[in-house]
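Remarks on the overall topology
This is what each chain is made of:
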Amino acid sequence: MDAPPGLAFCKMHGAGNDFVVIDSRGTAPVTTPALARALGDRNRGVGFDQLAEIRSGVDTDIELDFWNSDGSRAGACGNATRCVADLVMTGPSLTIRTARGILRAQRLEDGRVSVNMGPPQLDWDQIPLSHSVDTLNLPLQGTPSAVGMGNPHCVFFVEDAEAVDLPALGPGAETDPLYPQKTNVEFASLIAPDHLRMRVWERGAGITLACGSGACATAVAAHLRGLTTRKVTLDLDGGQLQVDWREDGVWLTGPTAHVFTGQLSAAWVAANG
Ligand SMILES: N[C@@H](CCC[C@H](N)C(=O)O)C(=O)O
């Protein structure tokens, strides 16, 4: 007897930031907070940092929704956007509607995918913060900078990002009351005016090997602080990302990888959805 149909997915990563991608174009969206949490479990599910669900586009080529492994929603995910663009792009560029607005991805001659993550959000109420402060020099220990990229970021500039104890420092900053929707937390150190080392504690996912929107936020903060040029390379735990803050927005470039496709059993989805 044929097994009942399940739910198809594919596993991708961008510089080690890993994703389950579900393609719901032409069908009803399936992801719920409970399903995202169950699927994100690296022992009982598939495991991922983020889940990206593709929906049919109305005024864009596709629409994309993002979920963290704890089941929370995210307004932006730079690396998943690049991975999905790589997966579905048939021409040189692709338009993508996300919670943040319309993003445009492009394939470069070397095969890598760039995405315009839009302009940075620098006003306290856009990021959002709980009240008006100097967003470049937050009144927190270590004087980090706050930048929004469709999701909130808190960027600490430190002498040696390598030496930062992420599990000790990440959760406190993630849940600081200054960020009413919590925040992603980056620790960056300067290597050269066009080169940064960055490590990340992600809201809803903890330590990840790379964060695209975090790389964008860090590059923006570093430039505004007078540390770097507008175009920088960032060394993350899982690989390198390039960020170029241009007139039309912050462009993120990096590697993408398709790892495998799979099929969740209908029974597992029914029990966990
Ligand atoms: N890894 C992502 C960001 C994912 C979302 C984030 N954890 C949030 O809750 O905002 C990226 O590549 O941008």
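With an unreviewed UniProt entry as reference, the chain is termed Diaminopimelate epimerase, source organism Pseudogemmobacter lacusdianii. Taken verbatim from the UniProt record of the chain, the Pathway (unreviewed entry) comment is "Amino-acid biosynthesis; L-lysine biosynthesis via DAP pathway; DL-2,6-diaminopimelate from LL-2,6-diaminopimelate: step 1/1." Quoted verbatim from the Sequence similarities (unreviewed entry) field of UniProt, the annotation for the chain is "Belongs to the diaminopimelate epimerase family."

Right, let's get into the confidence of the model for the chain. Of all residues in the chain, 99% have pLDDT values of 70 or greater, and the mean over the chain is 97. Considering each helix and strand of the chain separately, the mean pLDDT is smallest for helix H5 (residues 266-272), with a value of 93, and largest for helix H4 (residues 212-224), with 99. Our summary of model confidence lists the complex with pTM equal to 0.97 and ipTM equal to 0.99.

We now examine the domain arrangement of the chain. Splitting the chain by domain gives domain 1 (7-114 + 256-272) and domain 2 (145-247). One C-alpha centre belongs to domain 1, the other to domain 2, and the line joining them spans 22 Å. In this assembly, 20 residues from domain 1 lie in contact with 19 residues from domain 2. Counting residues per element, the side of domain 1 that touches domain 2 draws most heavily on helix H2 (residues 78-88), which supplies three residues. Of the residues belonging to the side of domain 1 that touches domain 2, the class tally is five nonpolar, 11 polar and four charged.

With the exception of glycine, the majority of residues adopt a negative phi angle, and the majority of peptide bonds are in the trans configuration. With an omega of -5°, the peptide bond running from isoleucine 127 to proline 128 counts as cis. Take proline 128: it is sitting in the loop between strand E8 (113-116) and strand E9 (145-148). Phi is positive for lysine 182, which is not a glycine, with a value near 65°. Inspection of the secondary structure assignment puts lysine 182 in the loop between helix H3 (166-174) and strand E11 (184-192). Judged by the 17 C-beta atoms lying within 10 Å of it, lysine 182 falls in the partly exposed class.

Time to look at the UniProt feature "active site" (unreviewed entry) in the chain. Per the UniProt record, the feature "active site" (unreviewed entry) sits at Cys77 and Cys211. Spanning 135 residues, the named residues form one tight spatial group whose C-alpha atoms are at most 7.7 Å apart. With respect to the helices and strands, cysteine 77 occurs in the loop between strand E5 (73-74) and H2. You can call cysteine 77 buried: it has 33 C-beta atoms within 10 Å.

We now examine the site of the ligand. Taken together, 19 residues lie around the ligand, and Ala74, Asn79, Asn151, Gly212 and Ser213 are the ones closest in. Put simply, the parts of the chain that give the shell around the ligand at least two residues each are H2 and H4. Considering only residue class, the shell around the ligand consists of five nonpolar, 11 polar and three charged. Two domains share the shell around the ligand, each providing at least three of its residues, namely domain 1 (7-114 + 256-272) and domain 2 (145-247).

Turning our eyes to something else, we now look at the pairing of strand E4 (residues 62-68). Burial within E4 is extensive, with seven of its seven residues counted as buried. Side chains of E4 alternate between two faces, with Ile62, Leu64, Phe66 and Asn68 and Glu63, Asp65 and Trp67 buried alike. The turn linking strand E3 (residues 50-56) back onto E4 is made up of five residues. Bridging between E4 and strand E6 (residues 93-98) involves two bridges; their strand directions are parallel. Its bridge partner lying in E6, isoleucine 62 is registered against isoleucine 96. Strand direction decides the pairing type here: E4 and E5, joined by two bridges, are antiparallel. When the sheet's bridge partners are listed, phenylalanine 66 is paired in E5 with alanine 74. Hairpin connection from E4 to E5: four residues lie between these consecutive antiparallel strands, with glycine 71 at a positive phi of about 95°.

Bringing the nonpolar core into the picture now. Counting 71 residues, the largest nonpolar core has Val21, Ala52, Ala215, Cys216 and Val243 as the members making the most contacts within it. If you tally residues by element for this core, the top one is H4, at seven residues. For alanine 215, the residues in contact, after removing those within four places along its chain, are Met198, Leu234, Leu236, Leu241, Val243 and Leu252.

Procedures and definitions
Residues numbered from 1 in each chain as written. Predicted model: local features only at pLDDT ≥ 70, side-chain atom pairs only at ≥ 80, totals over all residues. UniProt positions renumbered as here; feature names shortened; annotations may be inferred. pLDDT = per-residue confidence, 0-100. Helix = DSSP H or I, 4+ residues; strand = E, 2+ residues; numbered from the N terminus. Domains from an automatic or database assignment. Contact = placed C-beta atoms within 7 Å. Nonpolar A, V, L, I, M, F, W, Y, C, P; charged D, E, K, R; others polar. Buried ≥ 20, exposed ≤ 12 C-beta atoms within 10 Å, placed from the backbone. Near = placed C-beta within 6 Å. Pairing = 2+ DSSP bridges. Core = buried A, V, L, I, M, F, W, Y, C linked by C-beta atoms within 7 Å.

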